[in-house]
Structure formats: C-alpha cells, structure tokens
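So you can see what is in the structure, the chains are spelled out below.
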Amino acid sequence: MRAYIDSDILIWHLRGERKALDFLKRLRNEKAYELWTGAMQRAEVVFFMRPGEEDSTLLLLSQFATAPVDQNVIDNAATLYRRWHPSHGLDINDAILAATASQTGGQIFCLNKKHYPMPDLLITKAW
C-alpha cells in the first residue's frame, strides 16, 4: 500500500525532530508500505526550503515517489474541497492529496487528522 507522507512530517524531519526521523524509519522498514508523497506536498517542501537546505531536502525527497496530479485527481479534489472546505477549512493541497490517496487506495500519514475530515479515507496521525 502507498503511504502518503504529508508535508508537515517531512518539514519536521528536516528541522531535526527526532519523532519524525523515528517515524519515517519505522514506516520505511514495514514491508506493507511504499513511501510516497503528493506533488503538492513536495512543492510545499521544495518551495519553502531555507538557504543551505537544498542538498538535505532533495536527499530526503529522493526516498519518496511523488504522485502525479492529473485531471481526475484535480476534479475529485475539487469535489472534496467544495464539500469539506466550508465546514472544516480544507485547503487545496490537502484536498489534492486526499483525492490522490482515494484514487490509488493509499493511506495518508500526517500530524493533524483535522486536515483530512473525509470519513472514507485511511488517515493516520504519525505521532
């Protein structure tokens, strides 16, 4: 199964949070999962990396496949956004990851499950 890692976990790892490192190591060692991230989550990490972080950031991201975004993902994400944004403040990047996971049968790992209120998705708080 694809394990989609949300950007918050990746950013905390890059900032030296031991819990993030331990979580990613544990997940990598589980044979049931393939490590993935969404295109928008990769964009968040790459766009906002700090000076001097380029090498470590790209090395970390090389450990993950990045899910492509196509018309079906965008259309499904828009439906999720319209449904969940008014009541839960769902943002566009999270809607796209949710649609990606829904389309591929993946599981999302994040630090705040409130970002993914959809009851039919498999969402797990990393720590």
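Shown above is the structure to which this text applies.
Everything numeric here is computed off the predicted structure, so don't read it as measured data.

We now examine helix α4 (residues 54–61). When we look at burial in α4, the residues that qualify are T57, L60 and L61. Here the buried residues of α4 occupy an arc of 95° about the axis, which is enough to place them on one side. Residues D55 and L59 are exposed on α4 and point more than 90 degrees away from its buried face. Where α4 is buried, its residues touch α1 (7–14), α2 (18–29) and α3 (39–47).

This paragraph deals with the side chain of S7. Secondary-structure assignment places S7 in helix α1. For S7, the side chain forms a polar contact with the side chain of E44, separated by 3.1 Å. Non-local contacts of S7, meaning those with residues more than four positions away in its chain, are made with Q41, E44 and V45.

Mapping Q41 onto the fold places it in helix α3. Q41 has contacts with I5, D6, S7, N93, D94, L97 and Y116, leaving out every residue within four places of it along the chain.

About the cut-offs
- Residues numbered from 1 in each chain as written.
- Predicted model: local features only at pLDDT ≥ 70, side-chain atom pairs only at ≥ 80, totals over all residues.
- Heavy atoms only, no water.
- Buried < 20%, exposed > 50% of the residue type's maximum accessible area, 1.4 Å probe, protein only.
- Helix = DSSP H or I, 4+ residues; strand = E, 2+ residues; numbered from the N terminus.
- Arc of directions from axis to C-beta.
- Contact = heavy atoms within 4.5 Å.
- Polar contact = N/O pair within 3.5 Å; in protein donor to acceptor, adjacent residues only side chain to side chain.

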